[in-house]
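A look at the structure
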Amino acid sequence: MVTRKVYECNLSHLGMGNMRLPVLDGKSGVPIDFEKAQQIIDYAMEQGINYYDSAYVYHSGESEKFLGEAMKKYPRESYHLATKFLLQANPDYKAVFEEQLSRLKTEHIDFYLLHAISDGNADKYLESGCIEYYEQQKAAGRIKHFGFSFHGSPQTLTRFLDSHSFDFVQIQLNYFDWNYGTAKQEYEILSGRNIPIIVMEPVRGGRLAKLTPETEGILHEAHPDWSCASWAFRFVKGLAGVKVILSGMSNMEQIMDNVKTFEGDEALTIEDEATLMKACAAFRSQVVVPCTECRYCCDDCPAKINIPEYLKLYNNYKLNGWWQLNSLEKVDSEGKPSDCIACGACTAHCPQNIEIPTIMKTIAEAMKGKDE
């Protein structure tokens, strides 16, 4: 397993995320299937993976407990623990930290993070007193390295970095967000300050592990023996500022494929990267609809559906997964997708020739399936 030097630590380039462990019921996230999850951990340790990431809220609080049990058979110096404090879950940061040490059966956390800093909560974290408290714990040796995970704008990232001295930062980075999100800007901000980067969602929550048939064909033609996930990992591997690339591996097939990808230090060639960018552009065009929010479709809709807002939600659903449907009820609209009668009034006025009734039906069916 390839490693990267971060301060005094030699960290495995591939890290084990513990947010998507195998579970017994397959749905709610608990209870964790301890036997299968332990097999994954054991294989990870066998293959040289030594960075294990969790959080106070993962698997409804059971992830840290599992990890504490799973790792107790290994020497503490043979692995590095990372976990996080989420202010919204429990603002009592002192009690949370003590509970986390107990759950993880350890006297110190190697990499401790403030969880999910965003534009909306950055000031709350800054004003809560938690940062000063965790800095005290670092001085006492109970935290070795202190950082945060980030889900906000580049402007907020810069402002947060200016507020205190942080040892590392965890960001969402993958080839899709590099091209169509702010991942590249975030990477450049952190690299410019020589701050070690931990990457989460390198396969975008699994969305980049299975693409459209046409897009997969582009990648398969170039490298028949590479999985789609392998392409995504290899892109991130090529970024020098990235020290650990996390993967939430749910089964043995996934971890074995990932370990194979990280056996060497090779990333993508120039030709490979051009192929991936071609596939990325094709994937985006195939899964999203080109709505420009002109609203020509709205005036004659008998169900009074706010069509552009639902098309925006549809795009988020196709790119990011079913959880985007949680925003369905928040859409400001008199009519709902389920109210669509497929009269065609909208499509007659759409400059982009979007098959709106078909998409309204898809959203309605997906929401129904989510609730069942």
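Only a predicted model underlies this, so the values are computations on that prediction, with no experimental measurement involved.

Basis of the calculations
- Residues numbered from 1 in each chain as written.
- Predicted model: local features only at pLDDT ≥ 70, side-chain atom pairs only at ≥ 80, totals over all residues.
- Heavy atoms only, no water.
- Helix = DSSP H or I, 4+ residues; strand = E, 2+ residues; numbered from the N terminus.
- Buried < 20%, exposed > 50% of the residue type's maximum accessible area, 1.4 Å probe, protein only.
- Contact = heavy atoms within 4.5 Å.
- Polar contact = N/O pair within 3.5 Å; in protein donor to acceptor, adjacent residues only side chain to side chain.
- Core = buried A, V, L, I, M, F, W, Y, C linked by side-chain atoms within 4.5 Å.
- Phe/Tyr/Trp six-rings, centres within 6.5 Å; stacked < 30°, edge-to-face > 60°.
- Pairing = 2+ DSSP bridges.
- Axes fitted to C-alpha atoms, helices over the stretch in contact; angles between N-to-C directions.
- Arc of directions from axis to C-beta.
- 1 Å grid on protein atoms, 1.4 Å probe; cavity = no way out; pocket = protein on both sides within 12 Å on 5 of 7 lines; lining within 4 Å.
- Points joined across faces, edges and corners; volume = space filled by probe spheres on them.
- Nonpolar A, V, L, I, M, F, W, Y, C, P; charged D, E, K, R; others polar.

1. Some words on the side chain of His115
Mapped onto the elements of the fold, His115 is located in strand β6 (residues 109–117). In this structure His115 comes out as buried when scored by relative accessible area, which is 9%. Apart from the residues lying within four places of it in its own chain, the contact partners of His115 are Ala55, Val57, Tyr58, Lys84, Phe85, Leu86, Tyr125 and Ser149.

2. A word on the side chain of His164
Assignment of secondary structure puts His164 in the loop between α6 (154–163) and β8 (168–172). Within the structure, the side chain of His164 is placed 3.1 Å from the side chain of Ser163, a separation counted as a polar contact. When near neighbours in sequence (up to four residues on either side) are disregarded, His164 contacts Leu126, Ile131, Glu132 and Glu135.

3. Some details on the nonpolar core
If you look at the biggest cluster of nonpolar residues, it comprises 84 residues, and the most contacted ones within it are Tyr52, Phe85, Leu114, Tyr134, Phe148 and Leu173. For this core, the element with the highest residue contribution is helix α10 (residues 228–237), accounting for 7 residues. Aside from chain neighbours lying at most four places away, what touches Tyr52 is Met16, Asn18, Ile41, Ala44, Met45, Leu67, Met71, Tyr79, His80, Leu81 and Ala82. Within the second largest apolar cluster, 23 residues are counted, among which are Leu328, Val331, Ile359 and Ala366.

4. Brief notes about the packing of aromatic side chains
Given two aromatic rings, their pairing is described by the distance between the two centres and the angle made by the two planes. As enumerated under the stated definition, the model contains 27 aromatic pairs in all. Plain terms: the ring middles of Phe148 and Phe150 are 6.3 Å apart, the flat faces sit at 75 degrees to each other, and that makes the pair edge-to-face. Residue classification places Phe148 among the buried residues on the basis of a relative accessible area of 0%. Residues Phe176 and Phe283 carry aromatic rings whose centres are separated by 6.2 Å and whose planes lie at 80 degrees to one another, so their mutual orientation is edge-to-face. Here Phe283 lies in helix α12 (residues 270–287) and Phe176 lies in helix α7 (residues 175–180), a separation of 107 residues in the sequence. What makes Phe176 buried here is its relative accessible area of 3%. Chaining the aromatic ring pairs together yields one cluster made of Phe85, Tyr93, Phe97, Tyr112, Tyr125, Tyr133, Tyr134, Phe146, Phe148, Phe150, Phe160 and Phe166.

5. So, the sheet that holds strand β9 (residues 197–200)
The strand order around the closed barrel built from 8 strands is β3-β4-β5-β6-β7-β8-β9-β10, with neighbouring strands paired in parallel fashion. Taken over all neighbouring pairs, the strand axes of this sheet differ in orientation by 30 degrees on average, direction set aside. Taken together, the 4 bridges between strand β7 (residues 143–150) and β8 define a ladder with parallel strand orientation. In the strand pairing of β8, Phe148 is matched with Val169. Of the strands in this sheet, β5 (80–85), β6 and β7 touch helix α5 (residues 130–139), which is tilted by about 150 degrees from β7.

6. With respect to α5
Considered for burial, the residues of α5 that qualify are Cys130, Ile131, Tyr133, Tyr134 and Gln137. Angularly, the buried residues of α5 cover 160 degrees about the axis, an arc narrow enough to put them on a single face. After α5 finishes, the residue Gly141 shows a positive phi value of roughly 85 degrees.

7. Looking at empty space enclosed by the protein
The tally for this structure, following the rule as stated, stands at 2 cavities of 30 Å³ or more. Each pocket or cavity is described by its volume, and for the largest cavity that value is around 100 Å³. What lines the largest cavity is a set of 15 residues, and nearest its centre among them are Cys301, Pro302, Cys340, Cys343 and Cys346. At the level of secondary structure, the elements contributing two or more residues to the lining of the largest cavity comprise α14 (345–349) and α15 (356–371). If you tally residues by element for the lining of the largest cavity, the top one is α15, at 3 residues. Here the residues of the lining of the largest cavity sort into 14 nonpolar, 1 polar and no charged.

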